[in-house]
Each structure stands twice: as C-alpha cells, then as structure tokens.
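Structural description and commentary
Chain by chain, the residues:
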Amino acid sequence: MGLNDPQWGKNKGNSGPPDLDDVLRNVNKKINNIFGQKKGGGGDDGSGSNTPSPKPQSGSSIAVILGLLAVVWSASGFYIVDEGHRGVVLRFGQYVDTAPAGLRWHIPYPVEKVEVVNVSQVRTVEIGYRNNVRSKVLRESLMLTDDENIIDIQFAVQYILNNPENFLFKNRNPDEAVLQAAETAIRQVIGKSKMDYVLYEGREQVAANATQLMQKILDRYEIGISISRVTMQNAQPPEQVQAAFDDAVKAGQDRERQKNEGQAYANDVIPRAVGNAARLIQESEGYKQRVIVSAEGDASRFEQILAEYSKAPKVTRERLYLDMMQQVLSNTSKIIVDQKSGNNLLYLPLDKLVNMSGAPSSVSPVAVQPMMQEATTESGSVRARESFRSREREAR
C-alpha cells in the first residue's frame, strides 16, 4: 500500500482520519526501504538462497513529500500588514517594494523577507532631561543666548515616519540622529535670541523656528522622519544664579513700574498745562481785541464829541460835565450829614434804604420822611452851587 492509496492510513473498523504517529511511522519506513534497497541491492542471506526484495513505490512518495513541503513553504510567504504600518520587502537583503496595509504575500525565506514598520506611531525624543524634567542632563540643557547669558532649557521632540525605506536603510540610530539634529537646531535658534525673549514672550516662536530648522536638517540627511511638534518643557536660568536672576527680574519690574507711574503723571500734568496755556493765550487774545476795540471806540467817540464841541462849545461842556458827574455819583455811596441840627445822626445810606423792599422795624416812616426832605433840599442846594461854579468858569 503506497502513500497515494485512498485507503492508506485508515483502519479497517474505523472510518475516521488516520493517526498522525502512524502516518509519520509509515513515511519513515518507506524512506528506509528506499535507501536500504539502494545500499544493499539483492544480496546473499548466508543460506545460499537469493530472495528478491519487493519494489517500493519511491517516485510517488517523494512527489507527495515534496508537494507538501512546497505548499508549506509557499504558505509561509503570506503576511498581514496592519493599518498604520508598512511592509518593507527585501530580496536577498536588497529593498524591493513597500507593501500597504492588508493581506500580502512574498517569496518565502530565504529569498525574500518583510520588515513591518509602524508609520503612525508618534515617537518622542527628550533633550535636556530623561523621563522627568527634574532629571536634567546639563550637557544638553545649558545653552548660550545672543546677549551672552546661559539658560537651562528642556524640550521634547515628537516625530513620525514618512519614508520607511530611508528610516531603515539610510541611518543606523534614528533616535540619536533626531536628538542631535534637535539639539543643533535649538542651539542655533537660542544663540540668535535674547534671554528675556526666550524665557518670556518668545517661547512659542522659538519652538516654531526650531521645528522648521530641524526638519530641514533631517530632510538633508534623508532619514525619513517628519517632525510633528516641538514642546518646550522648561526654560529658566541655571540653578546656581537663580537668586541673582530673580533679583534682577524684580529690579526690572520696579523700573517698569516707576516708568509707568512717571508716564501716568506726565499724561496728567502735561495736558492740563497745555490746556492752561491755551486758555491764557485765548484770554490774552480776547483782552487784546477788547482793548483795541475799546480804544478805537473811545477815539471815534472823542472825534464825534470834538465835532459837536466845535459847533456848540458851551452846551457841549455842560453836557460833558453832567455826564461825568452822573457816572461818578452813580458808582459811589451817598452820605448825608446834618450840620445844622447837630443831632447824633452822622450818615444815612439812602441808596440802601431806597433799594430795600420794606423798611426795617427800627426805622419808622415818620423818621424817614424828614430825612428824605432834607436830602432833597441838600441836593437842590448842591445843584445850585454847581451851577454857580460853572457860570464862574465860563465868565473866566
């Protein structure tokens, strides 16, 4: 019974699959028979009789074995590439193709082999520290700024793969290459920046500039890496000069505060001074215009009076005298003194009595009436004396 027999390996009383041990035992036996026949041929068994051995079915058995081995060897070429991964196919160690995600097949080992690379994983490289910001690496973190100050800076670089072939075959240690490129880029950016700019207002811009420069360096080296983000973890002066730096920062803040206070005071005083100056200028201009116009009006009035005086000198002089007396007496208080009766009434403000809405209780109408009559007589006598004096001046 050969291996190609349909009933091979089956028991007479059992129709189930053959036992694996029996199959292997039969295969080994067939192989031993084949090699035993080739080695011994047909020999003498010592009894003088020559018994021929049975002829094995060697061709069909070898074909089945080789077929099974070929199927197993071919099946070993199937592989699965997960999503976010790429399969790099190598033929005798040389790059052949990059397989996308899915079920793939390649010529089995030792002809071809596949290296599956994760291109979606975000990898991280730490510069200036390891695992924790407190565990600093001073050789990497201490950097010199443009104003010749030293700062202690730690940052992390996140990247992904954009070219699996270059990542596998054009560099030996990708993480070390990224670390060196990142340190070079950040040192160049910080070396062109001021210390205050790096520590305070320019941290985002420093990270962006370092990202661009780092990507240029890695593209020039053809490492197959794309920088996704540069995160600045910490930036401060060295611990040895931290106290002095804090004092300098406080002094700078005090200086800015005093400058702001002085500017606020200047913004309060200067506009008021400018306003007062403008007001004084306007007042002086108004006074100037008023004086000029008043002088011009007085000159014009004098010329008109002069023309009238040339026509009637006497009437004009009388009119001028009366106008002047009216102007003087209307602006002065009147005091009436009774010299004839010799009483204790020394003065009487008539203007205030006339302007009063009602006479006070201490002054009766009977007492006020003789005073008014006396004031009227006195004013008549004063007018008569003035008229006499004017006639005397005219006579002269």
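Residues numbered from 1 in each chain as written. Predicted model: local features only at pLDDT ≥ 70, side-chain atom pairs only at ≥ 80, totals over all residues. Heavy atoms only, no water.

Details of the packing of helix 8 (residues 242-311) against helix 9 (residues 313-330)
- Taken N-terminus to C-terminus, the directions of helix 8 and helix 9 make an angle of 135°; their axes are 6 Å apart at the nearest point. By the angle between their directions, the pair helix 8 and helix 9 is classed as oblique. Across the interface between the two elements, Ile305, Glu308, Tyr309 and Lys311 from helix 8 touch Pro313, Thr316, Arg317 and Leu320 from helix 9.
- Here the contact of helix 8 with helix 9 is built from residues that sort into four nonpolar, one polar and three charged. (Axes fitted to C-alpha atoms, helices over the stretch in contact; angles between N-to-C directions. Helix = DSSP H or I, 4+ residues; strand = E, 2+ residues; numbered from the N terminus. Parallel < 35°, antiparallel > 145°, perpendicular 65-115°, else oblique. Contact = heavy atoms within 4.5 Å. Nonpolar A, V, L, I, M, F, W, Y, C, P; charged D, E, K, R; others polar.)

Quick look at helix 5 (residues 174-191)
- Between its first and last C-alpha atoms helix 5 spans 26 Å; for 18 residues at 1.5 Å apiece the expected length is 26 Å, and the two agree.
- Three or more residues of helix 5 are buried, namely Pro174, Ala177, Val178, Leu179, Ala181, Ala182, Glu183, Ala185, Ile186, Val189 and Ile190. (Expected span 1.5 Å × (residues − 1). Buried < 20%, exposed > 50% of the residue type's maximum accessible area, 1.4 Å probe, protein only.)

Quick notes on the packing of aromatic side chains
- Throughout the structure, instances matching the rule amount to two aromatic pairs.
- Arranged with centres 6.2 Å apart and planes meeting at 55°, the rings of Tyr95 and Phe169 form a pair that is tilted. Residue Tyr95 is located in strand 3 (residues 94-99), and its partner Phe169 is located in helix 4 (residues 164-169); the two are separated by 74 residues in the primary sequence.
- Overall, Tyr95 belongs to the partly exposed group, its relative accessible area being 34%.
- Here the basic side chain of Arg220 rests over the ring of Tyr221, its NZ or CZ set 5.9 Å away from the ring centre. (Phe/Tyr/Trp six-rings, centres within 6.5 Å; stacked < 30°, edge-to-face > 60°. Lys NZ or Arg CZ within 6 Å of the ring centre and 35° of its normal.)

Points about the UniProt feature "transmembrane region" (unreviewed entry) in the protein chain
- Taking the UniProt record as the reference, the feature "transmembrane region" (unreviewed entry) is found at residues 62-81.
- In this annotation, residues 62-81 is assigned 70% helix and 20% strand; the end-to-end C-alpha distance for the span is 36 Å. (UniProt positions renumbered as here; feature names shortened; annotations may be inferred.)

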